[in-house]
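Report on the structure
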Amino acid sequence: MATTDSMTADQLRDSFTGFFADKGHTVVPSASLIPHDPSVMFNVAGMVPFKSYFTGDEQAPYNRAVASQKCARAGGKHNDLDDVGRTKRHLVFFEMLGNFSFGDYFKEKAIPWSWELVTGDPASGGWGFDGDRIWVTVHESDDEAEAIWHESVGVPMDRIQRLGDKDNYWQMGDTGPCGPCSELHIDRGPEFGPDGGPLGDPFGDRFMEFWNLVFMQFNQAKDGTRTPLPRPSIDTGAGLERILALKQGVDSVWETDLMQPLIDVAQSLTGKKYLVGDYEDPNSFGLRVLAEHARSSSMLVNDGVFPSNEARGYVLRRIIRRAVRFAYMLGTESLVMPRLTETAIGVMGNAYPDLVKNQDFITSVITREEESFRQTLKNGLSILDTALEDDPSSLSGSTTFLLHDTYGFPLELTQEIASERDVAVDLDGFNVAMDEQRTRAKAAAKGSVDDASLGRYREIVDQFGVTEFVGYTEESAEARVLAVYETDDGGAEVFLDRTPFYAESGGQIGDTGTIVTETGTAEVLDTTYAIPNLRRHTVRITDGTITSGQSATATIDHERREKIRRNHTGTHLLHHALREVLGEHVKQAGSWVGPDRLRFDFSHYEAVTPEQIAEIERLANAQTLNSQPTRIFETTKDEAESLGAIAFFGDKYGDIVRVLEAGDTIELCGGTHVAATGDIGMVKVVSEASIGSNLRRIEAFTGEGSVALLQRDEALIGDVATLVGAQSDDVVGGVQRKLDEIKSLQAEIKTLRAQLAMGRATELAAIANDGVVVTQVDQLDPGELRDLAIAVRQQPTVQTVVLVGETPSGGVALVAAVPKDAQQPASVLLKDAARAVGGGGGGKGDIATAGGKDPSGIQEALQIAAQAVGQFS
Ligand code: SER
């Protein structure tokens, strides 16, 4: 059913963009898979990057555009993850070819152009499909589209079908642009299913849908209401992989030049054979999953998604883990992702050269996830097996929760395994366990607020409005006390109309200080938000009383705030230096800025080396040494982004954002900062550690903290120098000399012990009876006892020795030494004796050792050994 002229993926992309470029469209490169738009988790369609042009929120720089857009459907409304491998066409990652009109042309052009490209002569850039095999669907209400297909394009009425909202109405998500659509399908022939057009082919195997033309007309709000767009627009989407399958005349997307190389590698890694077109065969299913997930995870990591337990990172983790589970089921014990990733990058690298650039990074992130999951998988699967052996009819909520919580099995994975074995998962039980855990976590989190206090806080805001914050510029302010609430612990919460106290947020700790009125003084221990925008001073009244309505002077602890400022701006410098040294993938995952230290958590896939830390410190300190004034200003979010301010996709910022410029860094930030980078003093990293998969934490000092650290270390070195009797600048030499001394003393002790042992050996030889010594010697460790036995045997009057004794650590050591030419091994003498002291031991030669735990059996052991000596030959 292929057209005669095959095409590669690269040629297909070019043919599409070329066709529409000729029709006045601007060719727009693919945007990242991570959308700017928070309503979807990934770019789920070619139109997502253009959303605001459709809604009119932004003026489009062009009226017509064409793109081949990277898409992923693995979360939210558009989620194909669980279908991957089961069908001929579902993929998590795919590319969508699309032409777009932003209020320019509408159906009258979009429809005929699609036909022109699809059926056009390959010699002049068309795809050369046979028009007689193309069927179209339109929305049941769309007379206009039907008329264009029939009258302008000439598609006979019996190949135009009308379908309802489910098939022919397209929405980006629960909100956003939407409208009726019209789809092109190709009849692949009777071998793929029964006749009757798309209407009678719900799986689309015979009448394969390959291009969707959406007539964008509405913007859907959260409550489901639809308002007309400023101007009707066009969004079309043609699945690159599907069209490739058609062009290359293969059964499905899996046999195209994009997927087949991955399937081949999956076959060779697992040793399992791939059966084309077989959707019943579990091996082929698994191989398809491996191929797809290696490609989609590589594309996601390349665009900055990391495996984690949150949102996008969690989806990526699910994708990688699903692949690894299939690899495991297909019987591979060794890692599969490194080679699969490499192959995926090879296949896609031409179209997306940054993949090749990031190859090592991508491979290492995915491989680490595979390594860690393989370990837990083994344990988890055996737990699952045991649970199913105990109760083969269903899988309990508590087991499912255990697998989720302890073994990192996403719920969907457990469900998938369970469904393969025809077992139901107790979802309710799982949800109960999850809820309980959430409640526990909430209770554990400090500051959990009961409804009564929430009501009180809201009343303050209703009556007086939110707290005015003057603390960016003032350290002391005149204010009015709005409310004072006593707390259970004898303290109080004070609310002011305005305050210089920074309330804990954005990682920066709250201010402390004092609030003084005519009648009393309060020491402010902490400042936090009681509810959004209402700043709460947690205080201890140290003198008199404070009542609402009074005038107050609120003054922060200047010294402490200065330290916090230094640490906060220092955090920004470190963030910048981390990205310079480790790479752009470093993203802030959290921070804590206090007066004494700062903590910064970030995404990175391996330990930061001491050399890298030294370089990070050097870069950060270059910024403080070259002291430059910092600049803080407010601007629109878009303007901030265009200045290059670091703000992370998915983070929520208002329309007006606060921007901090410090040295070379520019970031959105609501915190308090120093006036010039030089004020920070020295930035010194004091620790670096892992805090989760692909997450690292560094802690650092600035200002006085760094000075105190240096002084502490200097004092420490001084103390060590004094102890080893050296000068401070020769402390290493001094310690080395002491170590040498210890070494030579140890050698001396060894010699003395040997001499001592020889003395004892002579004593023991004196008690030899007929060449045999069987006796108790305590307080030697097993090695010393063994040496002693050998020394005794060397004595001329002795042939056989058995020594048993309590060791300094309270155990029992046994040694036997027999003549070198004895017929039997020395262990014969200890075999039964060792049992008397609760132990065992062995050896093949003329020396045997054994150990035991029970010194009370030593006498018995000696007797048994003596008997054994009697029978020894
Ligand atoms: N947005 C439509 C789709 O995803 C057409 O691009 O199918």
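If you're wondering where the values come from, they're calculated on a predicted model, not measured in any experiment. (Residues numbered from 1 in each chain as written. Predicted model: local features only at pLDDT ≥ 70, side-chain atom pairs only at ≥ 80, totals over all residues. Heavy atoms only, no water.)

**With respect to the packing of helix α20 (residues 703-724) against helix α21 (residues 731-766)**
We count it as follows: Here an axis means a line fitted to C-alpha atoms, over the contact stretch when the element is a helix, while the angle between two N-to-C directions is reported on a 0 to 180 degree scale. Secondary structure counts use DSSP, requiring at least four H or I residues in a row for a helix and at least two E residues in a row for a strand, with both numbered from the N terminus. Oblique is the label for any angle not covered by the other classes, which are roughly parallel (under 35 degrees), roughly antiparallel (over 145) and roughly perpendicular (65 to 115). Two helices cross in a left-handed way if the nearer one is turned anticlockwise from the farther one by less than a right angle. They cross in a right-handed way if the turn is clockwise. By definition in these notes, contact holds between two residues if any of their heavy atoms fall within 4.5 Å. As a working rule, the residues Ala, Val, Leu, Ile, Met, Phe, Trp, Tyr, Cys and Pro are called nonpolar, Asp, Glu, Lys and Arg charged, and the rest polar, with Gly in that last group.
Between α20 and α21, the shortest axis-to-axis distance is 9 Å and the interhelical angle comes to 40°. The angle between the axes of α20 and α21 places the two elements in the oblique class. Once α20 is placed against α21, the crossing between them reads as left-handed. Together, Ile717, Val720, Ala721 and Val724 of α20 and Val731, Gly734, Val735 and Lys738 of α21 make up the contact between the two elements. Classifying every residue of the contact of α20 with α21 by side-chain character gives 6 nonpolar, 1 polar and 1 charged.

**So, the side chain of arginine 242**
Along the chain, arginine 242 falls in helix α6 (residues 240-248). Excluding residues within four positions of it along the chain, arginine 242 makes contact with Arg89, Met208, Glu209 and Val253.

**Overview of the pairing of strand β25 (residues 656-662)**
On a regular strand, one side chain projects to one face of the sheet and the next to the other, so that they alternate. This is how it is decided: Throughout this description, buried means an accessible area under 20% of the type-specific maximum (1.4 Å probe, protein chains only), exposed means over 50%, and partly exposed covers the range between. Pairs of strands are assigned from DSSP output, requiring at least two bridges between the strands.
Of all the 7 residues making up β25, 5 are buried; the element is thus mostly covered by neighbouring parts of the structure. As judged from the 6 bridges shared by strand β24 (residues 631-636) and β25, these two strands associate in the antiparallel manner. In the sheet register, arginine 631 faces β25, and the bridge partner there is glutamate 661. Alignment of β25 against strand β26 (residues 665-668), held across 4 bridges, turns out to be antiparallel. The residue bridging alanine 662 from the neighbouring strand is threonine 665, located in β26.

**A few points about the site of the ligand**
What counts, and what does not: Nearness of a residue to a molecule or strand requires only that one of the residue's heavy atoms be within 4 Å of it. Definition of a polar contact: a pair of N or O atoms within 3.5 Å, with one able to donate and the other able to accept a hydrogen when the atoms are protein atoms, and with sequence-neighbouring residues admitted only if both atoms are side-chain atoms. Only the protein chains shown count as cover for residues, with accessible areas throughout obtained via the Shrake-Rupley method and a probe of 1.4 Å.
Taken together, the residues surrounding the ligand are Ala45, Met47, Arg73, Met96, Trp170, Asn212, Val214, Asp235, Thr236 and Gly237. In this structure, an oxygen atom belonging to the ligand sits 3.1 Å away from a side-chain N or O atom of arginine 73. Asparagine 212 places a side-chain nitrogen or oxygen 3.0 Å from an oxygen atom of the ligand. Out of a free accessible area of 230 Å², the ligand has 95% covered by protein chains. Elements with a contribution of two residues or more to the shell around the ligand: β10 (207-220) and β11 (226-239). Considering each element in turn, the shell around the ligand owes the most residues, 3 residues, to β11. Considering only residue class, the shell around the ligand consists of 5 nonpolar, 3 polar and 2 charged.

**A look at the sheet that holds strand β28 (residues 695-701)**
The antiparallel open sheet is built from 4 strands, whose spatial order is β22-β23-β28-β27. Of all strands in the sheet, those with a lone pairing partner are β22 (588-593) and β27 (684-692), marking the two edges. Strand-to-strand twist in this sheet, taken as the mean axis angle between neighbours without regard to direction, amounts to 15°. Pairing between strand β23 (residues 598-603) and β28: 6 bridges, direction antiparallel. Each bridged residue has a counterpart across the sheet, and for leucine 598 the counterpart in β28 is alanine 700. Helix-sheet contacts for helix α17 (residues 558-582) involve β22, β23, β27 and β28, and the interaxial angle to β23 is about 30°.

**Focus: the state of the cysteines**
The cut-off we apply is this: Pairs of cysteine sulfur atoms within 2.5 Å are what we label disulfides.
All chains considered together, the criterion is met by 0 disulfides. In this structure cysteine 178 is not part of a disulfide, and its nearest cysteine sulfur, from cysteine 181, lies 11 Å away. Judged by relative accessible area, cysteine 178 falls into the buried class, the value being 0%.

**Notes on the sheet that holds β24**
Judged by pairing direction, the sheet is antiparallel, and its 3 strands sit side by side in the order β24-β25-β26 without closing on themselves. On the outer flanks of this sheet lie β24 and β26, each paired with one strand and no other. Across the sheet, the mean angle separating the axes of adjacent strands is 25° when strand polarity is ignored. Of the strands in this sheet, β25 and β26 are in contact with α17, which crosses β26 at around 115°.

**Quick look at the confidence of the model for the chain**
Applied cut-off: pLDDT is a residue-level measure of predictor confidence that goes from 0 to 100.
Of all residues in the chain, 97% have pLDDT values of 70 or greater, and the mean over the chain is 90. Predicted confidence for residues 648-653 stays below pLDDT 50, and this span has 13 contacts to residues more than four positions away or in other chains.

**Examining the packing of aromatic side chains**
The cut-off we apply is this: Any two rings among Phe, Tyr and Trp, with Trp reduced to its six-membered ring, count as a pair given centres within 6.5 Å; such a pair is stacked if its planes are under 30 degrees apart, edge-to-face if over 60, and tilted if neither. Geometrically, a lysine NZ or arginine CZ counts as sitting over a ring once it is within 6 Å of the ring centre and also within 35 degrees of the ring normal.
Counted under the stated rule, the structure contains 30 aromatic pairs. The interplanar angle of 35° and the centroid separation of 6.2 Å between the aromatic rings of tyrosine 62 and phenylalanine 102 together place this pair among those described as tilted. Highlighted residues: tyrosine 62 in the loop between α2 (51-55) and β2 (64-72) and phenylalanine 102 in the loop between β5 (93-101) and α3 (107-119), separated in sequence by 40 residues. With a centroid separation of 6.4 Å and an interplanar angle of 80°, the aromatic rings of tryptophan 127 and phenylalanine 129 are classed as edge-to-face. The residues tryptophan 127 and phenylalanine 129 share a single accessibility class, namely buried. An aromatic cluster of at least three residues, connected via ring pairs, comprises Phe16, Phe19, Phe20, Tyr105, Trp113, Trp127, Phe129, Phe210 and Trp211. When the ring centre of phenylalanine 192 is taken as reference, the NZ or CZ atom of arginine 188 above it lies at 4.3 Å.

**Some thoughts on the packing of helix α7 (residues 260-270) against helix α8 (residues 282-302)**
One can describe the packing of α7 onto α8 by two numbers: an axis separation of 8 Å at closest approach and a directional angle of 120°. Classified by the interaxial angle, the pair formed by α7 and α8 is oblique. Considering how the two elements wind past one another, α7 and α8 form a crossing that is right-handed. When α7 is examined against α8, the residues Leu262, Ile263, Ala266, Gln267 and Thr270 are found in contact with a partner set consisting of Leu287, Arg288, Leu290, Ala291, Ala294 and Arg295. Class assignment of the residues belonging to the contact of α7 with α8 gives a composition of 7 nonpolar, 2 polar and 2 charged.

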